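Secondary and tertiary structure notes
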Amino acid sequence: MKSQEKKAEQYPWSVTFYYPKDIINDSKRSKFKTLEECRQWALEKADNLNLEEGTWDYECGRGCTYTDQSTEGGQQVNTYACEEISR
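So, here's what we can say about the structure. Numbering of residues begins from 1 in every chain and follows the order in which that chain's sequence is written. Selection of residues for local features in this predicted model requires a pLDDT of at least 70, selection of side-chain atom pairs for listing and counting requires 80 or more, and totals for whole chains, interfaces and linings are taken over all residues. Side-chain figures throughout are based on the complete set of non-hydrogen atoms in the structure, without hydrogens or water.

For the rest of this paragraph, the subject is the overall build of the protein chain. Helix numbers and strand numbers start at the N terminus; a helix is a DSSP run of H or I with at least 4 residues, a strand a run of E with at least 2. Looking only at helices and strands, the protein chain features two helices and six strands. From first element to last, N terminus to C terminus, the protein chain shows the α and β order α-β-β-α-β-β-β-β. Expressed as a percentage of the 87 residues in the protein chain, the buried residues total 23%. A 1.4 Å probe and the Shrake-Rupley method give the accessible areas. Residues count as covered only by the protein chains that appear here. Carbon and sulfur atoms make up 43% of the accessible area of the protein chain, which totals about 6100 Å². Under the scheme applied here, a residue whose accessible area is under 20% of the maximum for its type counts as buried, over 50% as exposed, and between as partly exposed, the area being computed with a 1.4 Å probe on protein chains only.

Before going further, it helps to examine the pattern of salt bridges. Salt bridge criterion: a side-chain nitrogen from Lys or Arg within 4 Å of a carboxyl oxygen from Asp or Glu. Taken as a whole and judged by the stated rule, the model has four salt bridges. Arg-87 serves as the salt-bridge partner of Asp-57, at 2.4 Å between the closest nitrogen and oxygen. In this pair, Asp-57 is assigned in strand S3 (residues 57–62) and Arg-87 in the segment after strand S6 (84–86), connecting sequence segments 30 residues apart. The closest approach of N and O atoms between Arg-62 and Glu-84, which form a salt bridge, is 3.1 Å. In this pair, Arg-62 is assigned in strand S3 and Glu-84 in strand S6, connecting sequence segments 22 residues apart. Judged by relative accessible area, which is 27%, Arg-62 ranks as partly exposed. According to the relative accessible area criterion, Glu-84 is partly exposed, its value standing at 33%.

Pairs were defined over the aromatic rings of Phe, Tyr and Trp, the Trp ring being its six-membered one, requiring ring centres within 6.5 Å. Orientation was assigned from the angle between planes: stacked under 30 degrees, edge-to-face over 60, tilted for the rest. Applying the stated criterion to the full structure yields four aromatic pairs. For the ring pair Phe-17 and Trp-56, a centre distance of 5.4 Å and an interplane angle of 25° mean the geometry is stacked. Taken together, the positions of Phe-17 in strand S1 (residues 13–19) and Trp-56 in the loop between helix H2 (35–48) and S3 put the pair 39 residues apart, joining distant regions of the chain. Cluster of aromatic residues (ring-pair linked, three or more members): Phe-17, Phe-32, Trp-41, Trp-56 and Tyr-58. Sitting above the plane of the Tyr-58 ring, Arg-87 keeps its charged end 6.0 Å from the centroid. In our convention, an over-ring charge means Lys NZ or Arg CZ found within 6 Å of a ring centre and within 35 degrees of that ring's normal.

A separate point is the state of the cysteines. Linking two cysteines covalently through their sulfur atoms gives a disulfide. We call a pair of cysteine sulfur atoms a disulfide whenever their separation is within 2.5 Å. Counting across every chain of the model gives two disulfides. The disulfide bridge from Cys-38 ends at Cys-60, spanning 2.1 Å between sulfur atoms. As the torsion about the S-S bond is roughly -100°, the Cys-38-Cys-60 disulfide counts as left-handed. Residue Cys-38 is found in helix H2, and its partner Cys-60 is found in strand S3; the two are separated by 22 residues along the sequence. Neither residue differs from the other here; Cys-38 and Cys-60 are each classed as buried. Across a sulfur-sulfur distance of 2.0 Å, Cys-64 and Cys-82 are joined as a disulfide pair. Taking the sign of the S-S torsion, 105° for the link of Cys-64 and Cys-82, the bridge is right-handed. On the criterion of sequence distance, the pair formed by Cys-64 in the loop between S3 and strand S4 (65–72) and Cys-82 in the loop between strand S5 (75–81) and S6 is long-range, its members being 18 residues apart. In the protein chain, numbering the disulfide-bonded cysteines from first to last in sequence yields the connectivity 1-2, 3-4.

Next comes the structure, spelled out in structure tokens:
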């Protein structure tokens, strides 16, 4: 088994974090063992950036795979399909 596949099995959750500065500003793929770790990362990120409630959002996905890449408004946008998405 490839090391990337092994990591994806061990850390199946990833996050996409949205806030006004950019459409999709930060994403971490396959970095979290649990949904709770993913949620905690998003909450800490918002706190560290001093973002007001209602001005940011996030999605945690499990089993996400890369499906497409495009450019919107000068920003590179990666598209992923996930087996499960939660907040």
